[in-house]
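Remarks on the overall topology
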Amino acid sequence: AQTVTQSQPEMSVQEAETVTLSCTYDTSESDYYLFWYKQPPSRQMILVIRQEAYKQQNATENRFSVNFQKAAKSFSLKISDSQLGDAAMYFCALEYGNKLVFGAGTILRVKS
Amino acid sequence: DTGVSQDPRHKITKRGQNVTFRCDPISEHNRLYWYRQTLGQGPEFLTYFQNEAQLEKSRLLSDRFSAERPKGSFSTLEIQRTEQGDSAMYLCASSFGLVDEQYFGPGTRLTVT
């Protein structure tokens, strides 16, 4: 079975600081995709960043970057220079069989 | 491109009633997905369509649930004889191709009283 685990129910970060959200997953596939989605309060989910498992280079999107450790099945998200608008629920997701398997999410709070 | 839209945004119904939700995907997207999200949890896959064909259904989708996508455009999700356990946010997403990003709609929040 494909599973995604986010062990941090809630994280806090000071504005302008850096925070890392953890995610581990389990899959028997060798080629797959991993995603981080952001769900602001009462707003729709949007994609933050994606990583193809066959690529060794970690994906980066502006202030967002990942640390992808394929052997350890770890996929963490680093947010640099945190902004108030980053406050949201963050979901790690594994693409499997034409669908996404999500973790339980991490609430990120940003303090001004 | 107005994104994925869902209607209604909120639905309150009494146990035993039938409800139907609608999803309009991004126009050029051929894949459409339904997920269910309960409070404090990540979305769980329910079913997906490629064009008008329903290709996969989760075990979560009991016989009381049915989804359609006539003509490969909008989709409807119907829940018959609703139960309190059906209370959740129902999310629709669409994508173009196999591993393209899934674009999510705002969801329909269902409350069964």
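Here, every reference points to the structure presented above.
Note that residues are indexed from 1 along each chain, following the sequence as it is written. Labels are handed out in written order, letters beginning with A for the chains and numbers beginning with 1 for the ligands. Confidence filtering applies because this is a predicted model: local features only for residues at pLDDT of at least 70, side-chain atom pairs given and counted only at 80 or more, and all residues used for totals across whole chains, interfaces and linings. Think of the side-chain values as coming from all heavy atoms in the structure, minus any hydrogens and water.

Considering the overall build of chain B
Basically, it comes down to this: Only runs of H or I of at least four residues qualify as helices and only runs of E of at least two qualify as strands under DSSP, and these elements are numbered from the N terminus. For this measure, only C-alpha atoms enter the radius of gyration; the expected value for a globule follows 2.2 Å times N^0.38, where N is the number of residues. Between buried and exposed lies partly exposed: a residue is buried under 20% and exposed over 50% of the maximum accessible area for its type, with that area taken using a 1.4 Å probe on protein chains only.
The helix and strand tally for chain B stands at zero helices and 11 strands. Across chain B, helices and strands are ordered from the amino to the carboxyl terminus as β-β-β-β-β-β-β-β-β-β-β. By the compact-globule yardstick of 13 Å for 113 residues, chain B fits well, its C-alpha radius of gyration being 13 Å. Put simply, chain B has 113 residues, and 47% of those count as buried.

Brief notes about the pattern of salt bridges
Let me state the cut-off plainly: One speaks of a salt bridge when a side-chain nitrogen belonging to Lys or Arg is within 4 Å of a carboxyl oxygen belonging to Asp or Glu.
For the structure shown, the criterion picks out nine salt bridges over all chains. Glu-52 of chain A serves as the salt-bridge partner of Arg-50 of chain A, at 3.9 Å between the closest nitrogen and oxygen. Accessibility expressed as a relative area gives 23% for Arg-50 of chain A, which makes it partly exposed. Here Glu-83 of chain B and Arg-64 of chain B are joined by a salt bridge, their closest N and O atoms 3.4 Å apart. One end of the pair, Glu-83 of chain B, is in the loop between strand 8 (75-79) and strand 9 (88-95); the other, Arg-64 of chain B, is in the loop between strand 6 (53-57) and strand 7 (65-68), with 19 residues separating them in the sequence. We classify Glu-83 of chain B as partly exposed; its relative accessible area is 40%. Bridged by salt links that share partners, the residues Arg-50, Glu-52 and Lys-55 of chain A form one connected network.

A short note on the state of the cysteines
Selection rule: Cysteine sulfur atoms are paired as a disulfide whenever they fall within 2.5 Å.
Using the criterion set out here, one finds two disulfides over all chains in the structure. Here Cys-23 of chain A engages in a disulfide with Cys-92 of chain A; their sulfurs sit 2.0 Å apart. Its torsion about the S-S bond being -70°, the disulfide of Cys-23 of chain A and Cys-92 of chain A is classed as left-handed. Taken as a pair, Cys-23 of chain A in the loop between strand 3 (19-21) and strand 4 (24-26) and Cys-92 of chain A in strand 10 (residues 88-96) lie far apart in primary sequence, 69 residues in all. Each of the two residues, Cys-23 of chain A as well as Cys-92 of chain A, counts as buried. With a sulfur-sulfur separation of 1.8 Å, Cys-23 of chain B is cross-linked through a disulfide to Cys-92 of chain B. Looking down the S-S bond of the Cys-23 of chain B and Cys-92 of chain B bridge, the torsion is -70°, so its handedness is left-handed. With Cys-23 of chain B in strand 3 (residues 19-24) and Cys-92 of chain B in strand 9, the pair connects residues that are 69 residues apart, well separated along the chain. Both residues of the pair, Cys-23 of chain B and Cys-92 of chain B, count as buried.

Description of the sheet that holds strand 7 of chain B
All names here are of chain B. For clarity, the cut-off: Strands were regarded as paired on the criterion that DSSP finds at least two bridges between them. Between N-to-C directions, angles cover 0 to 180 degrees, with each direction set by a line fitted to C-alpha atoms, over the stretch in contact for helices.
The strand order 1-3-8-7 describes an open sheet built from four strands, whose pairing is antiparallel. The two strands at the open ends of the sheet, each matched to only one other strand, are strand 1 (5-7) and strand 7. Along the sheet, successive strands turn relative to each other by an average axial angle of 15°, direction set aside. Where strand 7 meets strand 8, four bridges bridge the pair, whose relative direction is antiparallel. Directly across from Ser-66, in strand 8, lies its bridge partner Glu-78.

Here's the deal with the interface of chain B and chain A
Note the threshold: The contact definition used throughout considers only heavy atoms, calling two residues in contact when any of these lie within 4.5 Å. Computed with a 1.4 Å rolling probe, the buried area is the accessible surface lost when two parts are put together, summed over both parts.
Contact residues are listed per partner, giving 21 residues for chain B and 16 residues for chain A. Interface area, chain B with chain A, both sides summed: about 1,600 Å², of which 52% is carbon and sulfur. There are one salt bridge connecting chain B and chain A. Linking Lys-99 of chain A and Glu-56 of chain B is a salt bridge whose minimum nitrogen-to-oxygen distance equals 2.7 Å.

This is a description of form; function is not addressed.
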